[in-house]
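Chain by chain, the residues run as shown.
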Amino acid sequence: MPVDKRPGLTKHMLIDTALRLLDEVGLEGLTVRRLAAELGVQSPALYWHIRTKQELLDGMADAICRAPGMGPPRDDEPWQDWLLRRARAYRTTLLARRDGARVVAHARSMSPETVALFEQELTAMVERGFTPALALHTIATVTYYVNGFVLQEQAASSSPGSLDSVPPTLLAALREGGGPVGEAAFEHGLRALIDGTSAALSPGTGT
């Protein structure tokens, strides 16, 4: 019996459907067989568009990373403001997807379109006084920070548990909103990264 290629099926359709399924069943529940059933085809039909599940995960991660709007800073936008905006939008996008940070952490490659946008970002930072290496390290470090932070947020229990046995200084910190995850903690880490990058630049180039 011939394999149903389903002419209307595209790689973009596969990725969009896989992202929707991700929200419903999580990363563990997302299988090629489940995706094929959702699309109304046999599993072999998918391999006309994706060769392996890893390729599917790469495409999903690529879509998640591009969703916040990759690209260089605006002409009048300081690099610090751009990095803050980029990181916050990226975190919001990861949190909006069930297991979003885990999908990105499993990625092994980026699409040519995403690489081109990344190149534009690096070029813009070099124009603002960064060396190519420092630009790469800065964007990568901020990206890894957001990924790791959201991994913790998405893995955190919905129940805070009892505070009866918490030591006094830690208890005071928690009551002041000093928990290890959440908005305040995220902003503290992000600001520390940006302040550290500013210090790494030569005097007069951090504006």
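Engineer: I'm lost on the overall build of the chain in this one. Help?
Structural biologist: A tally of regular secondary structure across the chain gives 10 helices and 0 strands. Seen in sequence order, the chain has helices and strands lined up from the N terminus as α-α-α-α-α-α-α-α-α-α. Looking at the 207 residues of the chain, the share that counts as buried comes to 39%. When contacts within the chain are restricted to residue pairs at least 6 apart in sequence, those whose partners lie at least 24 apart make up 75%. Only carbon and sulfur atoms are counted for the fraction: they give 57% of the accessible area of the chain, which is about 11800 Å².

Engineer: I keep staring at helix α1 (residues 11-29) and nothing clicks. Help me out?
Structural biologist: Note: α-helices contain 3.6 residues per turn, so residues at a spacing of three or four share the same orientation. An ideal rise of 1.5 Å per residue puts 27 Å on 19 residues; α1 reaches only 20 Å between its terminal C-alpha atoms. At aspartate 23, α1 shows its largest bend, some 90°. For α1, the full list of buried residues reads Leu14, Ile15, Thr17, Ala18, Leu19, Leu21, Leu22, Val25, Gly26 and Leu27. Check the buried side of α1 and you find it contacts α2 (32-39), α3 (43-46), α4 (53-66) and α6 (100-105).

Engineer: Would you mind going over the nonpolar core with me for this structure?
Structural biologist: Nonpolar side chains in soluble globular proteins tend to be buried together. Counting residues in each nonpolar core, the largest one holds 49 residues, and the members touching the most others are Leu35, Leu46, Met60, Leu94, Met125, Val146 and Leu190. Residues contacting leucine 46, with those up to four places away along its chain left out, are Leu9, Leu14, Val32, Leu35, Ala36, Leu39 and Val41.

Engineer: Could you clarify how one ought to interpret unusual backbone geometry in this entry?
Structural biologist: Most peptide bonds take the trans configuration, and most residues that are not glycine carry a negative phi. Phi is positive for aspartate 99, close to 60°, though the residue is something other than glycine. With respect to the helices, strands and loops of the structure, aspartate 99 is situated in the loop between α5 (79-96) and α6.

Engineer: What should I look at first to understand the environment of leucine 21 in this one?
Structural biologist: Note on placement: leucine 21 falls in helix α1. Expressed as a C-alpha distance, the spacing of leucine 21 and arginine 98, which sit 77 residues apart in the sequence, is 9.5 Å. Sequence-distant contacts of leucine 21, that is, excluding residues within four places in its chain, are made with Gly26, Leu30, Arg34, Leu35 and Glu38.

Engineer: Is there a simple way to explain the pattern of salt bridges in this structure?
Structural biologist: Oppositely charged side chains can form a pair if their charged atoms are brought close together. This model, assessed by the stated rule, comprises 14 salt bridges. As a salt-bridge pair, glutamate 24 and arginine 20 come within 3.5 Å of each other at their nearest N and O atoms. Placement of the pair is glutamate 24 and arginine 20 together in helix α1, with a separation of 4 residues, close to one helical turn. In this structure arginine 20 comes out as partly exposed when scored by relative accessible area, which is 37%. Here arginine 102 makes a salt bridge to aspartate 99, at a shortest N to O gap of 3.7 Å. For arginine 102, a relative accessible area of 27% puts it in the partly exposed group. A single network of salt bridges, built from pairs that share partners, joins Lys11, Arg51 and Glu55.

Engineer: Is there a simple way to think about the confidence of the model for the chain in this case?
Structural biologist: Interpreting fine coordinate detail is not advised for predicted regions of low pLDDT. Considering every residue of the chain, the mean pLDDT works out to 87; 86% of them sit at 70 or more. Of the regions scoring below 50 in pLDDT, residues 1-5 engages in 7 contacts with residues more than four places distant in sequence or in other chains.

About the criteria used
- Residues numbered from 1 in each chain as written.
- Predicted model: local features only at pLDDT ≥ 70, side-chain atom pairs only at ≥ 80, totals over all residues.
- Heavy atoms only, no water.
- Helix = DSSP H or I, 4+ residues; strand = E, 2+ residues; numbered from the N terminus.
- Buried < 20%, exposed > 50% of the residue type's maximum accessible area, 1.4 Å probe, protein only.
- Contact = heavy atoms within 4.5 Å.
- Areas by Shrake-Rupley, 256 points an atom, 1.4 Å probe, with all protein chains shown as cover.
- Expected span 1.5 Å × (residues − 1).
- Bend = angle between axes of the 7 residues up to and from the residue.
- Core = buried A, V, L, I, M, F, W, Y, C linked by side-chain atoms within 4.5 Å.
- Salt bridge = Lys/Arg side-chain N within 4 Å of Asp/Glu carboxyl O.
- pLDDT = per-residue confidence, 0-100.

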